[in-house]
Amino acid sequence: MKPPVHIAVTGAAGQITYALLFRIAAGDLLGADQPVVLRLLEVPAAMGGLDGVVMELHDCAFPLLHGIVTTDDPQIAFAGAHYAFLVGATPRGPGMERKDLLQVNADIFAVQGKALNAVADRAVKILVVGNPANTNALITLRNAPDLNPQNISAMTRLDHNRAVGMLARRCGAPVAAVQRVSIWGNHSTTQYPDLNHALVDGVPALEQVDETWYREQFIGEVQKRGATVIAARGKSSAASAANAALGHMRTWIFGTPAGDWTSMSVLSDGSYGIAPGLIYSFPVTVSNGRYAIVQNLSIDDFSRRLMRDSEDELKSEREAVAGLL
Ligand code: NAD
Ligand code: LMR
């Protein structure tokens, strides 16, 4: 048996983690031969609810689950962690934008960035899910100066999956036939879901759908899907968010398939003229646990304008939390 891998999950009594923890413990993240220890962080008021989640985890008798640590202290939760899912944060309700959460949630990521910096495994991979995810990841990164910035990312995989699903349904094709969808920018309504390079069954997607649908329907539906789910459910997405978090981390560990890429929000290095230092969603390939931003994609004026709008929003979010950076 391999030694267990330590996986920290914050917001462990919340709705996303309720859909995430059981899949990690079942082996869906690291495979059927890799034991795990779950290191679960919650706020003191939620520790009672977390006890119930732990009882249910025990009651599944997962062979791979070699231990569970519960705590309200980030220094304990992140001690020696190899992977960290930063989910714990307030979600938005109907009528709110994700950036309305910035002042509510920002401090969480300053505290947790410092704790990760102090006690996590030096190669820890950190995925920020709590909204507004991109700027929260930036706060985490800036408060963890001893960790490799390559190892901190925010989640736009849910947007990527939404775009893949919508395109597949439009074309009447299986999801597996869709490749090279890109999400650029912020996990917000300014994000740009780009089909210019996408393929369906190896054929350019934009030869298979009409431009009006792409520009006037598809882009807006992906951008607003989170709010549409909230309006329908009364609560924000949970199972699809957990699935995307698992997929993001799996791809980061095991790589992208040949000929395809995924979307991850990562530290901009200036690629495509996006300001260095922002956490911006790019199309990326991954191999050997390292991502690389896909280079040399052609960008038309329409795309450039949308990419800039999202960049501008991220700059203004960064200004709003300057005191924590
Ligand atoms: P939830 O309210 O059900 O759960 C959040 C949990 O986090 C709560 O149990 C709360 O006690 C806990 N928490 C709060 N502060 C904490 C802290 N400092 N340390 C540890 N735990 C803390 O919310 P949810 O629906 O699970 O959503 C969680 C976050 O994920 C929200 O910000 C939501 O907007 C975001 N989200 C992001 C995406 C994405 O695609 N990036 C998708 C869905 C949801
Ligand atoms: C989502 O995209 O579903 C999440 O970010 C939740 C939200 O507030 O939209």
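Keep in mind it's a predicted model, so treat the numbers as computed, not measured.

Undergrad: In this structure, what is going on with the site of ligand 2? I would like to understand it.
TA: Close to ligand 2 lie R92, R98, N131, L158, R162, H187, G226, I230, S236 and S237. Contact distances for ligand 2 include 2.8 Å between an oxygen atom and a side-chain N or O atom of R98. Burial of ligand 2 by the protein chains amounts to 94% of its free accessible area of 260 Å². Contributing elements (two or more residues each) for the shell around ligand 2: α6 (157-171) and α8 (225-233). A breakdown of the residues in the shell around ligand 2 according to their chemical character gives 2 nonpolar, 5 polar and 3 charged. Both domains that furnish three or more residues to the shell around ligand 2 are identified here as domain 1 (5-154) and domain 2 (157-320).

Undergrad: Would you take a moment to explain the domain arrangement of the chain for this structure?
TA: Accessible area lost during the coming together of the parts is what is often quoted as the interface size. Domain assignment breaks the chain into domain 1 (5-154) and domain 2 (157-320). On a C-alpha basis, the centroid separation for the pair domain 1 and domain 2 is 23 Å. Facing the 39 residues of domain 1 at the interface are 42 residues of domain 2. Both sides of the domain 1 and domain 2 interface together cover about 3400 Å² of buried area, and 59% of this is carbon and sulfur. Of all residues in domain 1, the largest losses of buried area upon contact with domain 2 belong to R98, N134 and Q150, amounting jointly to 21% of the total for that side. The interface formed by domain 1 and domain 2 includes 1 salt bridge.

Undergrad: Explain the site of ligand 1 here, please?
TA: Lining the immediate environment of ligand 1, one finds 25 residues, of which Q15, E42, T90, V129 and N131 sit closest. Here a nitrogen atom of ligand 1 and a backbone polar atom of V129 are 3.2 Å apart. Between N131 and ligand 1, the recorded distance is 2.8 Å, taken from a side-chain N or O atom to an oxygen atom. Surface burial for ligand 1 is 85%, taken as the share of its 870 Å² of free accessible area covered by protein chains. If you list the elements that add at least two residues to the shell around ligand 1, you get α1 (15-26) and α4 (102-119). Split by residue class, the shell around ligand 1 holds 13 nonpolar, 11 polar and 1 charged. Split by domain, the shell around ligand 1 shows at least three residues from each of two domains, domain 1 (5-154) and domain 2 (157-320).

About the criteria used
- Residue positions within a chain follow its written sequence, with the count starting from 1.
- All chains are assigned letters beginning at A, and all ligands numbers beginning at 1, according to the order in which they are written.
- It should be noted that, the model being predicted, local features are given only for residues of pLDDT at least 70 and side-chain atom pairs only at 80 or more, the latter also being counted only at that level, while totals for whole chains, interfaces and linings use all residues.
- Side-chain calculation: all heavy atoms of the structure are included, whereas hydrogens and water are not.
- Throughout, the term near means that a residue has one or more heavy atoms lying within 4 Å of the molecule or strand in question.
- What qualifies as a polar contact is a pair of N or O atoms within 3.5 Å, subject to a donor-acceptor requirement within protein and to the restriction that residues adjacent in sequence count only when both atoms come from side chains.
- Note on areas: Shrake-Rupley with a 1.4 Å probe; residue coverage comes only from the protein chains shown.
- Secondary structure follows DSSP: runs of H or I at least 4 residues long count as helices, runs of E at least 2 residues long count as strands, and numbering of each begins at the N terminus.
- Only Asp, Glu, Lys and Arg are considered charged, only Ala, Val, Leu, Ile, Met, Phe, Trp, Tyr, Cys and Pro nonpolar, and every remaining residue, Gly among them, polar.
- The source of the domain bounds is an automatic or database domain assignment.
- We call two residues in contact whenever any of their non-hydrogen atoms come within 4.5 Å of each other.
- Values labelled buried area give the accessible surface lost by two parts on being combined, using a 1.4 Å probe and summing over both.
- For this analysis, a salt bridge means a side-chain nitrogen from Lys or Arg found within 4 Å of a carboxyl oxygen belonging to Asp or Glu.

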